[in-house]
2 protein chains.
Amino acid sequence: MEHESDSHWGYVFKILKKSKKSNARAGVISTPHGLIHTPAFYPVGTKATVKGITPAQLNDMGIEAVLCNTYHLFLRPGDKVVKKFGGLHKFMNWQKPIITDSGGFQVFSLGLGMEHGCSKIANSALETGNRRSDGTLLRKASDGQVEKFAKITEDGVYFRSFLDGSKHFIGPEESMKIQENLGADIIFAFDECTSPYSDYEYTKEAMERTHRWAVRSLEAFRRGSSVVSCQLLFGIVQGGEFKDLRLESSKFIGAMDFDGFGIGGSFGKFKKNVKNILDYSVEHLPENKPKHLLGIGSVDDIIEAIRRGIDTFDCVTPTRLGRNGTALTNKGNLNIRSGRFALDKKPIEKGCECYTCANFTRGYVRHLFQSGEMLAGILTTIHNLYFMEKLMKKIRKDILENKL
Amino acid sequence: MEHESDSHWGYVFKILKKSKKSNARAGVISTPHGLIHTPAFYPVGTKATVKGITPAQLNDMGIEAVLCNTYHLFLRPGDKVVKKFGGLHKFMNWQKPIITDSGGFQVFSLGLGMEHGCSKIANSALETGNRRSDGTLLRKASDGQVEKFAKITEDGVYFRSFLDGSKHFIGPEESMKIQENLGADIIFAFDECTSPYSDYEYTKEAMERTHRWAVRSLEAFRRGSSVVSCQLLFGIVQGGEFKDLRLESSKFIGAMDFDGFGIGGSFGKFKKNVKNILDYSVEHLPENKPKHLLGIGSVDDIIEAIRRGIDTFDCVTPTRLGRNGTALTNKGNLNIRSGRFALDKKPIEKGCECYTCANFTRGYVRHLFQSGEMLAGILTTIHNLYFMEKLMKKIRKDILENKL
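Residues numbered from 1 in each chain as written. Chains lettered and ligands numbered in written order. Predicted model: local features only at pLDDT ≥ 70, side-chain atom pairs only at ≥ 80, totals over all residues.

A. Just the overall build of chain A, in detail. For chain A, the count of helices and strands is 14 helices and 19 strands. Of all intrachain contacts in chain A linking residues separated by at least 6 positions in sequence, the fraction that spans at least 24 positions is 63%. (Helix = DSSP H or I, 4+ residues; strand = E, 2+ residues; numbered from the N terminus. Contact = placed C-beta atoms within 7 Å.)

The structure is reproduced here in structure tokens:
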């Protein structure tokens, strides 16, 4: 049984098997740089590098695609610089699929997120942030004066660089142009990502703006050279933790001619809400197109999301935890820095075939962390990314064998 | 024409070719973990890891041996811990030859070196250091009191850990035991390394102590299990920048039944002195045994030293420079952080076949440094170590073909 999505060439997404017990499916996304077998997890390479890991090592792990951040690359080295190097694939020497986000997440992380203390991105430039009713995001400058930090308008977002405070603007057209320059295989429509603490009124306003930006993104995408270079454009469903907004956004975005869809934004303050909000978010999305859940990476969440029809994921968690000494295992997280591993000759996870587990003991990795050695984070990141890749392969196999 | 050194089993060192124009020679050192083709450069893996580089990557570069620091491993994780893991080879998963130094260099770097401001090891625990005429090394404690930091006696050295200030003692017997526990293939006799600013009188006193320690080291080595495990013991020539002391040390150490020799210590304040001091240092060493120049790693120095009969080298320079953004090339050092490389599509060095040069541009590596990414140091270190390995292979080839 095969389902193919409509697309401007060949196929974008082929569903190879649908679960009989849930909405889970195993498939394959066709991109200009090859196939992505789904369900898939994308390691994050924010600044055109998965921290501490060479492309050769990613290849060895069997990883098929990585996600880079448009916002960071726009600011440094600049999308035009990346274009001069022939695009992200050549720049970072990763010949397999690359995904870029829209940059819109920074509206959240540099604005509302700061206000509510739940930013996912550390921003040393910011001391504090406040949002005025007109959408202006404020920060306290070093002289104590409150100045504008970012401003959301119908056109797009005015903001300051977290690197040097310089002023910038990104709207849907700019986001498309930047992502066209970066040259990823899968790119995202420009969206506004609200905070978990945003109220219904503001979340609705932001969602409606995201819908208008989606229309403009798709129009700009079609005018640009992205279609010629066969980039795929995914639209993003927003709506915060509100059922009717999620359903509305799903209907609006799902009706548009995107190659696939992303589910963005907040899923509510409580984890138990995740399932419901996800259900509403995918309710009206076409079944035969790929669906990506943005920024979610815990094992439990991934499995629940796959049951609800999500195909792909990205998250910094496996790499960030790895650098900080936490290893992912089938028995939960392992704090490899712990003194109890000082003499432990076992690998991080018994039976794991990653380079780290095949060659090094917990005691050695713990020693590297104690000594502040780079290799500590590298080896634990390798294990964590391999763990995620293995998890996805297992889930895929289970779906193909009717076990999920 | 083959020259074999005497040894307690088979052969330790085989000279395959001697230069007709200089004292340079190409040979091979046989160790329990395989061969080292000389001339050879050993990357330094101070704390049982070459910073940021996996053993697999070292293997890919064709590197045959690494040098680890006894002092650091004695303090953390402890030589007994390493022994429990089956020795350094198993601990760090490096199955080819490993060399450990004697730990005596720390007498210099934590004592006299600090006094004279020329320590090679950053020591955050130390604010200042002074040496009393009795050999006591002082430091100023946080409460302003001057306290003993390290003390050299006939027995050995009493010192405080740079990690936690705890008190320790290492003498010749302890150094042998620690190195036996670490289990490297080539180990060194315990020595005192004087400062370039030490006067004749003190340098002579330290050299004579080093000679007495060499006798005790060799005796302890023979009593221990090192001989059974086929470790090789190298004696160290000292004598600072003084001709007669170097000749005397060369004669004394060279007459002892070591498997090979290290040339340690200061070569004078001025680089032009290096050649002479080296000549005196090797004057009385047996020709048919391998000679290691401790801690010297600049290309010019290496070539001059090889002409004078030195076979092997170790130095942190290629790795340290790499992490800090300086690439070694045939045209000299390249500051890869420089803005002039922002759009440079060339590899670090044209024609270089290392992983970095085969896959990445200067512009990308520069971007990684600008962004503070781990991969920046990793890629540049890979290039630098490959550069050194290639240099040694070229020199070896030149010797074998009578071109040096």
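Next, the rest of the story.
B. Layout of helix α14 (residues 374–400) of chain B. All names here are of chain B. Given a rise of 1.5 Å per residue, 27 residues ought to cover 39 Å, and the 39 Å separating the end C-alpha atoms of α14 matches this to within 8%. The element α14 is largely enclosed, with a buried count of 20 among its 27 residues. Following α14 by one or two positions, asparagine 402 has its phi on the positive side, about 60°. (Expected span 1.5 Å × (residues − 1). Buried ≥ 20, exposed ≤ 12 C-beta atoms within 10 Å, placed from the backbone.)

C. Expanded view of the domain arrangement of chain A. All names here are of chain A. Each assigned domain of chain A is listed with its residue range as follows: domain 1 (36–108 + 154–315) and domain 2 (321–392). On a C-alpha basis, the centroid separation for the pair domain 1 and domain 2 is 30 Å. At the junction of the two partners, domain 1 supplies 13 residues and domain 2 supplies 14 residues. Listing elements by their share of the side of domain 1 that touches domain 2, those giving two or more residues are β5 (40–43) and α1 (55–60). Counting residues per element, the side of domain 1 that touches domain 2 draws most heavily on β5, at three residues. (Domains from an automatic or database assignment.)

D. Representation of the packing of helix α6 (residues 172–182) of chain A against helix α7 (residues 200–223) of chain A within the structure. Residues and elements named next belong to chain A. Relative to each other, α6 and α7 sit at 40°, their axes nearing to 8 Å. Our classification of the angle between α6 and α7 gives oblique. Handedness of the crossing formed by α6 with α7: right-handed. Contact with α6, carried on its side by Pro172, Glu173, Ser175 and Met176, involves Trp213, Arg216, Ser217, Ala220 and Phe221 of α7 and no other residues of that element. Here the contact of α6 with α7 is built from residues that sort into five nonpolar, two polar and two charged. (Axes fitted to C-alpha atoms, helices over the stretch in contact; angles between N-to-C directions. Parallel < 35°, antiparallel > 145°, perpendicular 65-115°, else oblique. Left-handed = near helix turned anticlockwise from the far one by under 90°. Nonpolar A, V, L, I, M, F, W, Y, C, P; charged D, E, K, R; others polar.)

E. Representation of the environment of valine 365 of chain B within the structure. Tracing the sequence through the fold places valine 365 of chain B in helix α13 (residues 362–370). Judged by C-beta crowding, with 28 C-beta atoms within 10 Å, valine 365 of chain B ranks as buried.

F. Quick look at unusual backbone geometry. The step from threonine 38 of chain A to proline 39 of chain A runs through a cis peptide bond, and the omega angle for that step is 0°. When you line up the elements, proline 39 of chain A lands in the loop between β4 (34–38) and β5. Arginine 76 of chain A connects to proline 77 of chain A through a cis peptide bond whose omega is 5°. Within the element layout of this structure, proline 77 of chain A appears in the loop between α2 (70–75) and α3 (79–84). Of note, the phi angle at asparagine 402 of chain A is positive, near 60°, even though the residue is not glycine. With 11 C-beta atoms packed within 10 Å, asparagine 402 of chain A lands in the exposed category. Even without glycine at this site, cysteine 230 of chain B takes up a positive phi of about 65°. Structurally, cysteine 230 of chain B can be placed in the loop between α7 (200–223) and β14 (232–237).

G. Layout of the relation of the copies chain A and chain B. Once chain A has been moved 0.0 Å along the axis and rotated by 180°, it coincides with chain B to within an RMSD of 0.0 Å. The relationship between the two copies is best expressed as a two-fold rotation axis. Comparing interface residues between copies, 100% of those in chain A also sit at the interface in chain B, which points to an isologous, same-surface contact. (Least-squares fit on C-alpha atoms with pLDDT ≥ 70 in both.)

H. A look at the packing of helix α13 (residues 362–370) of chain A against helix α14 (residues 374–400) of chain A. Residues and elements named next belong to chain A. It is at 7 Å that the axes of α13 and α14 come closest, and there the two elements cross at 135°. Judged by the inter-axis angle, α13 sits oblique to α14. Two packed elements cross with a definite hand, and for α13 against α14 that hand is left-handed. Residue-level contacts link Val365, Leu368 and Phe369 of α13 to Leu375, Ala376, Leu379 and Thr380 of α14. Residues of the contact of α13 with α14, tallied by class, amount to six nonpolar, one polar and no charged.

I. Seen up close, the interface of chain A and chain B. With 32 residues of chain A in contact, the opposing surface of chain B contributes 32 residues. Sorting the residues of the side of chain A that touches chain B by element identifies α3, α4 (88–92), α12 (355–359), α13 and α14 of chain A as the ones contributing at least two each. Tallying contributions element by element places α13 of chain A first for the side of chain A that touches chain B, with five residues. Its residues assigned to classes, the side of chain A that touches chain B shows 16 nonpolar, 10 polar and six charged.

J. Quick peek at the environment of leucine 391 of chain B. Residue and element names in this part refer to chain B. Along the polypeptide, leucine 391 turns up in helix α14. Residue classification places leucine 391 among the partly exposed positions, given that 18 C-beta atoms sit within 10 Å. For the pair leucine 391 and isoleucine 302, spaced 89 residues apart in sequence, the C-alpha to C-alpha distance is 9.9 Å.

K. Quick look at helix α8 (residues 243–254) of chain B. Between the first and last C-alpha of α8 of chain B there are 16 Å, a value that for 12 residues agrees with the 16 Å anticipated at 1.5 Å per step. Considered for burial, the residues of α8 of chain B that qualify are Leu245, Arg246, Glu248, Ser249, Ser250, Phe252 and Ile253 of chain B.

L. Quick look at the confidence of the model for chain A. Residues and elements named next belong to chain A. Model confidence for chain A is summarised by a mean pLDDT of 88, while 84% of its residues fall at 70 or above. This model gives residues 111–136 a pLDDT under 50, and the stretch forms 48 contacts once residues within four places in sequence are excluded. Low pLDDT, under 50, characterises residues 143–148; the predicted model gives this stretch seven contacts beyond four residues in sequence or across chains. Here the prediction assigns the complex a pTM of 0.92, and the interface score ipTM is 0.91. (pLDDT = per-residue confidence, 0-100.)

M. Fine view of the pairing of strand β17 (residues 312–315) of chain B. Residues and elements named next belong to chain B. Side chains Thr312 and Asp314 project from β17 onto one buried face, and the interleaved Phe313 and Cys315 project onto a second face that is buried too. Here four bridges tie strand β5 (residues 40–43) to β17, and the two strands are oriented parallel to one another. Along β17, the bridge assignment pairs tyrosine 42 with aspartate 314. In the sheet, strand β16 (residues 291–293) pairs with β17 via two bridges, with the strands oriented parallel. Looking across to β17, one finds that histidine 292 is bridged to threonine 312. This β-α-β element, β16 to helix α10 (residues 299–307) to β17, shows right-handed connectivity. (Pairing = 2+ DSSP bridges. Right-handed = clockwise from strand over helix to strand, strands pointing away.)

N. View of the pairing of strand β4 (residues 34–38) of chain B. Residue and element names in this part refer to chain B. As judged from the five bridges shared by strand β3 (residues 25–31) and β4, these two strands associate in the antiparallel manner. Across the sheet, isoleucine 29 pairs through a bridge with isoleucine 36, a residue of β4. Between β3 and β4, which pair antiparallel one after the other, the connecting turn spans two residues.

O. Just the environment of arginine 246 of chain B, in detail. All names here are of chain B. For arginine 246, the position within the fold is in helix α8. Between the alpha carbons of arginine 246 and valine 365 there is a distance of 44 Å; along the sequence they are 119 residues apart. With near-sequence residues (within four places) excluded, arginine 246 lies in contact with Gly239, Ile277, Tyr280 and Ser281.

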